[in-house]
Amino acid sequence: MDYLSLFSSMLRSRYFEEALERLSSEGLIYGTYHLSIGQEAVSSGLAASLSPDDWIVPTHRCHGYNAARGSDLFRMFSEVLGSRHGLCKGLGGSMHMTDTETCNLGSSAVVGSGIGLAGGAALALKRMGRDAISVAIFGDGASSRGILYEVMNASSIWHLPLLFLLENNHYGMSASAERMIAADGIYRRAEGFRIPSIRIDGNDVLAVEEAVKEAREHILRDHTPYFIEAETYRLCGHSRSDKLLYRTRGEEAEWKEKDPIALFSSFLQLSSISSAEELAEIRNEVRAEVDDALERALSVKDERVSCSEMESLVYVPSSFRAGGSGCTHRGTYRSAIREALDEILSNDSKAFLMGEDIGVYGGCFGVTGNLYRQYPDQVLETPVSEEGFTSMAAGAAMLSLHPVVEIMYGDFSTLVSDAIINHAAKARFMSGGQLSCPMVVRAPIGGMTGHGPQHTQCLESMFLNIPGLKVVAPSDAFSAKALLKSAAKDGNPVLFFEHKALYNDEGDIGDSCTYLPIGKAIVHGSGDRLLVIGYSRPFAVARKALSSISDSITMLDLATIHPLDEKTILKEFGRIGKALIVEDTPLQGSIAESVVSILSSSSSYKPGCIEVLSALPVPLPCPRSLEEMVLVSEEDIRDSAYRLLSL
């Protein structure tokens, strides 16, 4: 064992964070940071026991883990200072120090949500056959989050190479674990998931190193997760604004006596491993290393990325080009999506499906069908834990796999929004381009099925102002298959909303060569008297309602609702000058509002030339007759269309 390297590792973290405190006092740090002074034994002991190929997902208190795993200190300082030379080009800051060169997936500022990403990394490592583990690092506060238990359950039944490392520093921000956690030993909760667990002295770096070493061996040998609770204490505040009003000076003094660096220094001297003079020399060397890195970072602190560089980091550029042979066959919207999934799994060994009841049941709406028989290694049926498995899908995607997640009902988008909004959408930007998240999330939306207010919502508008996401909502069988296949090749996180009322609709379906471009609206017809704009079910209803006057109108299927195809919208409206917009959501904050905003900038815009048909601003009731009152109908569409045509 290299004792002196362990000592240097702890010092590197301590001196780095002490330097941050000095920068803060000098007014050189914008925003907040979270220090781990007093907890260095956990990060250094962990790093000493891991393979270079093992992945970690730290908490927002991440500096020690970055330093211990070997992140460049100059780039760490630059990240905190907001410089383009930072690990993440200065875009992530103190709480988001992704470093793929050291297998660090990046920390999560949302307490506990990194656990799901670590679970996904473990899933990816297993699927790729790697002899490596993933480590989910979290604090005692996060032990009250449901995501932990969802991932513990999934990782246990799937036998994932995942280490749960709990840093119990006794405080979740200001709330003491004693008051907030109903357990004498959080680690014991793992037993309920058949996960071996242990509690250790987290201020003893050798105890941490040994425990992690044994846990790693166990994980790889027995193919089961492992749980370590490391008891430690932060000798500083939660963040730069913390006045430490919630704990006594006596308590702090007691833990100061257990400072892990001081304890290890005494051990090294008492064991004759090193002398006081040798340790002093190491301290000087590490301090000089940290000071040199800081000096270099300060010299370039004002070198920022440009606005155009930031914008280029929101989406992965797509080199994929859509096209097709022109060959079609008949089928339903449901079968079109199944065909797309079949082709995705057949052509991409990195692709896999995740979701509830997608095995023998064939999916809640029968979309996945028998795919579980055709691709037993690529169809992963999940527990009822939407946040957990969607977060894991995001983590797996960050390690280059291509998950397609099925959410049983679009209403449950609320449950997976953390994974989608805070991680999948921001991964590329927040990591400064190191990561991408090529995943698809499929979800059935909409009414006309009698499922009631919590199973019939169209919540796609929730995601319209989230940079980094693409949102697709096809209106027919042809576009459903072609767009889903394109989504799987896009390289970015794509939300794919399927309308339940369309599943049985029949239409033409393209062959295996057919793809449609994401971000491009689909133009039907060439009439010059009225432009009808919509997506999903309302657009399909409009096509049917206005089929008798199709020669007079042009119909524009948005298909991709984020980002919108502004160019085509303006081109067609500029040619026609009148527009009817149809949608199944209430108007406020909807797609229609965005389209109206675009149209109003056109030179062809005149007051009264645009009409919008939206759902009433009420939840969808169960009775069919009341559903029809809330949603846009064929009669509504015909009446509005004829009124506009008469102008």
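## Some points on the overall build of the protein
Then, number 1: Tallying secondary structure elements over the protein gives 23 helices and 21 strands in all.
Then, number 2: In terms of overall size, the protein behaves like a compact globule, its C-alpha atoms giving a radius of gyration of 28 Å where 647 residues would be expected to give roughly 26 Å.
Then, number 3: Along the first, second and third principal axes, the C-alpha set of the protein runs to 95 × 55 × 45 Å.
Then, number 4: A total of 647 residues make up the protein; the buried ones form 60% of that total.

## Quick notes on the pairing of strand β20 (residues 579-582)
Then, number 1: Here β20 shows no split at all, with A579 and I581 on one side and L580 and V582 on the other all buried.
Then, number 2: Here three bridges tie strand β17 (residues 530-534) to β20, and the two strands are oriented parallel to one another. Within β20, the position partnered with V532 by the bridge is L580.
Then, number 3: The β-α-β motif built from β20, the intervening helix α21 (residues 591-599) and the parallel element strand β21 (residues 610-613) has right-handed crossover chirality.

## A closer look at a nonpolar patch on the surface
Then, number 1: Residues L4, F267 and I273 make up a contiguous nonpolar surface patch of roughly 200 Å² in combined accessible area.
Then, number 2: Along the chain, L4 falls in helix α1 (residues 3-25).
Then, number 3: Residue classification places L4 among the partly exposed residues on the basis of a relative accessible area of 31%.

## With respect to the state of the cysteines
Then, number 1: Under the definition given, this model contains zero disulfides.
Then, number 2: Unpaired in terms of disulfides, C364 finds its nearest cysteine sulfur in C622, a separation of 15 Å.
Then, number 3: The exposure class of C364 is partly exposed, given its relative accessible area of 23%.
Then, number 4: In this structure C622 comes out as partly exposed when scored by relative accessible area, which is 42%.

## Side note on the sheet that holds strand β12 (residues 440-445)
Then, number 1: Ordered by their spatial adjacency, seven strands build an open sheet running β10-β9-β11-β12-β14-β13-β19, and the pairing between neighbours is mixed. Edge strands, defined here as strands with exactly one partner in the open sheet, are β10 (379-381) and β19 (560-562). Geometrically, the sheet is characterised by an average inter-axis angle of 20 degrees between neighbouring strands, direction not taken into account.
Then, number 2: Here strand β9 (residues 351-355) pairs with strand β11 (residues 402-406) via five bridges, running parallel. From the neighbouring strand, L353 faces β11, where its bridge partner is V404.

## Some points on helix α13 (residues 333-347)
Owing to its 3.6 residues per turn, the α-helix brings residues three or four apart onto one side.
Then, number 1: Its 15 residues give α13 an end-to-end C-alpha distance of 21 Å, which sits within 8% of 21 Å, the value for a rise of 1.5 Å per residue.
Then, number 2: Among the residues of α13, Y333, R334, S335, A336, I337, A340, L341, E343, I344 and L345 are the ones counted as buried.

## Comments concerning the sheet that holds strand β16 (residues 522-524)
Backbone hydrogen bonds hold the strands of a sheet together, and the pairing may be parallel or antiparallel.
Then, number 1: With mixed pairing, the five strands of this open sheet are ordered in space as β16-β18-β17-β20-β21. The open sheet terminates on both sides in strands that have one partner only, identified here as β16 and β21. Neighbour-to-neighbour, the strand axes of the sheet open up by a mean angle of 20 degrees, direction not taken into account.
Then, number 2: Contacts between helix α19 (residues 536-545) and the sheet are confined to β16, β17, β18 (553-557) and β20, with β18 contributing the most and set at about 160 degrees to the helix.

## Quick word on the environment of R127
Then, number 1: As for its placement among the helices and strands, R127 is situated in helix α5 (residues 114-127).
Then, number 2: For the pair R127 and Q378, spaced 251 residues apart in sequence, the C-alpha to C-alpha distance is 9.5 Å.
Then, number 3: Not counting residues within four places of it along the chain, the set of residues in contact with R127 comprises F352, D377, Q378 and L401.

## Regarding the side chain of K500
Then, number 1: Structurally, K500 is set in the loop between β14 (494-499) and β15 (506-510).
Then, number 2: Buried within the structure, K500 lacks any salt-bridge partner; D411 is the closest side chain of opposite charge, at an N-O distance of 5.0 Å.
Then, number 3: In this structure the side chain of K500 is engaged in a polar contact, spanning 2.6 Å, whose partner is the backbone oxygen of G446.
Then, number 4: One polar contact links the side chain of K500 to the main-chain carbonyl oxygen of H455, over a distance of 3.0 Å.
Then, number 5: With sequence-adjacent residues up to four places away left out, K500 is seen in contact with F365, Y409, P444, I445, G446, T449, H451, H455 and T456.

## Side note on the packing of α13 against helix α18 (residues 477-489)
Then, number 1: Where α13 meets α18, the closest approach of the two axes is 8 Å, and the angle between their N-to-C directions is 25 degrees. Here α13 lies roughly parallel to α18, going by the angle between them. The way α13 lies across α18 gives a crossing that is right-handed. Contacts from Y333, A336, I337, E339, A340, L341, E343 and I344 in α13 reach A477, A480, K481, L484, K485 and A488 in α18.

## A word on the environment of R283
Then, number 1: Residue placement: R283 occurs in helix α11 (residues 276-299).
Then, number 2: Residues R283 and F7, 276 residues apart in the sequence, show an inter-C-alpha distance of 9.0 Å.
Then, number 3: Setting aside residues no more than four positions away along its own chain, R283 makes contact with F7, L11, Y15, I261 and S265.

## Some details on the packing of aromatic side chains
Then, number 1: Counting across every chain of the model gives 13 aromatic pairs.
Then, number 2: An angle of 25 degrees between the planes, with centres 6.0 Å apart, marks the rings of F164 and F227 as stacked. Residue F164 is located in strand β3 (residues 162-168), and its partner F227 is located in strand β7 (residues 226-231); the two are separated by 63 residues in the primary sequence.
Then, number 3: With a relative accessible area of 0%, F164 lands in the buried category.
Then, number 4: When its relative accessible area of 0% is taken as the criterion, F227 is described as buried.
Then, number 5: Counting every residue linked through ring pairs, the aromatic cluster contains Y333, F365, Y409, F412 and Y503.

## As for the packing of α5 against helix α6 (residues 146-157)
When two helices pack together, their arrangement is given by the angle between their axes and by how far apart the axes lie.
Then, number 1: Between α5 and α6, the least distance of the axes is 8 Å, while the angle of their chain directions is 15 degrees. Between α5 and α6, the angle is such that the two are roughly parallel. Considering how the two elements wind past one another, α5 and α6 form a crossing that is left-handed. The residues of α6 that touch α5, namely those facing I115, G116 and G119, are I147, L148 and V151.
Then, number 2: Residue classes in the contact of α5 with α6 are distributed as four nonpolar, two polar and no charged.

Parameters at a glance
Residues numbered from 1 in each chain as written. Predicted model: local features only at pLDDT ≥ 70, side-chain atom pairs only at ≥ 80, totals over all residues. Heavy atoms only, no water. Helix = DSSP H or I, 4+ residues; strand = E, 2+ residues; numbered from the N terminus. Rg over C-alpha atoms; globule rule 2.2 N^0.38 Å. Buried < 20%, exposed > 50% of the residue type's maximum accessible area, 1.4 Å probe, protein only. Pairing = 2+ DSSP bridges. Right-handed = clockwise from strand over helix to strand, strands pointing away. Patch = residues over 30% accessible without salt bridge, like charges linked within 9 Å, V, L, I, M, F, W, Y side chains within 5 Å. Areas by Shrake-Rupley, 256 points an atom, 1.4 Å probe, with all protein chains shown as cover. Salt bridge = Lys/Arg side-chain N within 4 Å of Asp/Glu carboxyl O. Disulfide = S-S within 2.5 Å. Axes fitted to C-alpha atoms, helices over the stretch in contact; angles between N-to-C directions. Expected span 1.5 Å × (residues − 1). Contact = heavy atoms within 4.5 Å. Lys, Arg positive; Asp, Glu negative; His and termini not counted. Polar contact = N/O pair within 3.5 Å; in protein donor to acceptor, adjacent residues only side chain to side chain. Parallel < 35°, antiparallel > 145°, perpendicular 65-115°, else oblique. Left-handed = near helix turned anticlockwise from the far one by under 90°. Phe/Tyr/Trp six-rings, centres within 6.5 Å; stacked < 30°, edge-to-face > 60°. Nonpolar A, V, L, I, M, F, W, Y, C, P; charged D, E, K, R; others polar.

Geometric descriptors of this kind do not, in isolation, establish any biological role.
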